[in-house]
Amino acid sequence: MTEIATRAATAEAIHDAPGSLITLLTDTAELTCNTATFDEGAAGAPVHFHTKATEFFHVTAGRLDVLVGDEIQTLGAGDFIAIPPGVKHAFAPAAGHTASVFVGFTPGMGRFDYYRLLGRVNAGEATVQDIKDSSATYDNHYAESAAWSGRRRSAEP
């Protein structure tokens with residue numbers, strides 16, 4: 001494997017949803033990495049799972065709620081978690097907080113086009129159905145969670 005270097009000044013950044021920015025870092029067969037920043041109240045990622053990849057998160061600032069299976073964990077700056085294949089998960093900034101996160105997948109798999117698709121949906125140039133139709137291509141399979149769907153309601157006054 002050769003070195004991988006991405007310079008901040010030239011990294012592609014995508015607004016994938018209101019209050020959410022993804023910066024693309026590397027997307028090889030071995031490793032896919034990006035950063036994600038979430039404003040307070042941003043929706044984050046819905047409940048999903050991957051069949052082939054482990055997804056990992058390192059919170060660099062703020063607080064991040066992460067669903068793992070049926071349990072919600074709140075991570076703070078410096079915390080790390082890895083979610084193995086087949087485990088449903090979701091993530092979003094904790095109520096009343098912003099979050100900045102380093103996100104990675106191993107193995108990697110051409111996932112940058114998935115993020116670009118999210119950006120096109122956010123811009124009104126593609127549909128949610130396009131995202132659903134891409135599940136097999138990007139190993140991103142959506143699921144349900146009563147714990148996650150009740151999360152925002154229970155956090156609001």
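None of the values given here were measured: they were computed from a predicted structure.

Here's the deal with the pairing of strand β7 (residues 80-83)
Alternating residues of β7 divide into Ile81 and Ile83, all buried, and Phe80 and Ala82, none buried. Where strand β5 (residues 54-68) and β7 come together, four bridges link them in antiparallel fashion. In the strand pairing of β7, Phe56 is matched with Ala82.

Considerations on the layout of surface pockets
Computed from the structure, the largest pocket encloses a volume of approximately 580 Å³. Along the wall of the largest pocket there are 28 residues; nearest its centre are Gly44, Ala45, Pro46, Tyr114 and Leu118. Those elements that place two or more of their residues in the lining of the largest pocket are β1 (13-17), β2 (20-27), β3 (32-38), β4 (45-49), β9 (99-106), α1 (112-122) and α2 (128-133). In terms of residue count, α1 provides more of the lining of the largest pocket than any other element does, five residues in total. Residues belonging to the lining of the largest pocket are distributed by class as follows: 17 nonpolar, seven polar and four charged.

Some thoughts on the pattern of salt bridges
Under the counting rule described, the total for this entry stands at four salt bridges. The residue Arg151 makes a salt bridge to Asp65 at a minimum N-O spacing of 2.9 Å. Taken together, the residues Arg151 in helix α5 (residues 151-155) and Asp65 in strand β5 connect sequence positions 86 residues apart. Members of the salt-bridge network, linked through shared partners, are Glu12, Asp113 and Arg116.

A look at the side chain of Ser135
Tracing the chain through its elements places Ser135 in helix α3 (residues 135-138). Discounting chain neighbours no more than four positions away, the residues touching Ser135 are Asn140, His141 and Tyr142.

Observations regarding α1
For α1, the complete set of buried residues consists of Phe112, Tyr114, Tyr115, Leu117, Leu118 and Gly119. Looking one or two residues past α1, Gly124 carries a phi angle of roughly 80°, positive in sign.

Reading guide: rules and limits
Residues numbered from 1 in each chain as written. Predicted model: local features only at pLDDT ≥ 70, side-chain atom pairs only at ≥ 80, totals over all residues. Heavy atoms only, no water. Buried < 20%, exposed > 50% of the residue type's maximum accessible area, 1.4 Å probe, protein only. Helix = DSSP H or I, 4+ residues; strand = E, 2+ residues; numbered from the N terminus. Pairing = 2+ DSSP bridges. 1 Å grid on protein atoms, 1.4 Å probe; cavity = no way out; pocket = protein on both sides within 12 Å on 5 of 7 lines; lining within 4 Å. Points joined across faces, edges and corners; volume = space filled by probe spheres on them. Nonpolar A, V, L, I, M, F, W, Y, C, P; charged D, E, K, R; others polar. Salt bridge = Lys/Arg side-chain N within 4 Å of Asp/Glu carboxyl O. Contact = heavy atoms within 4.5 Å.

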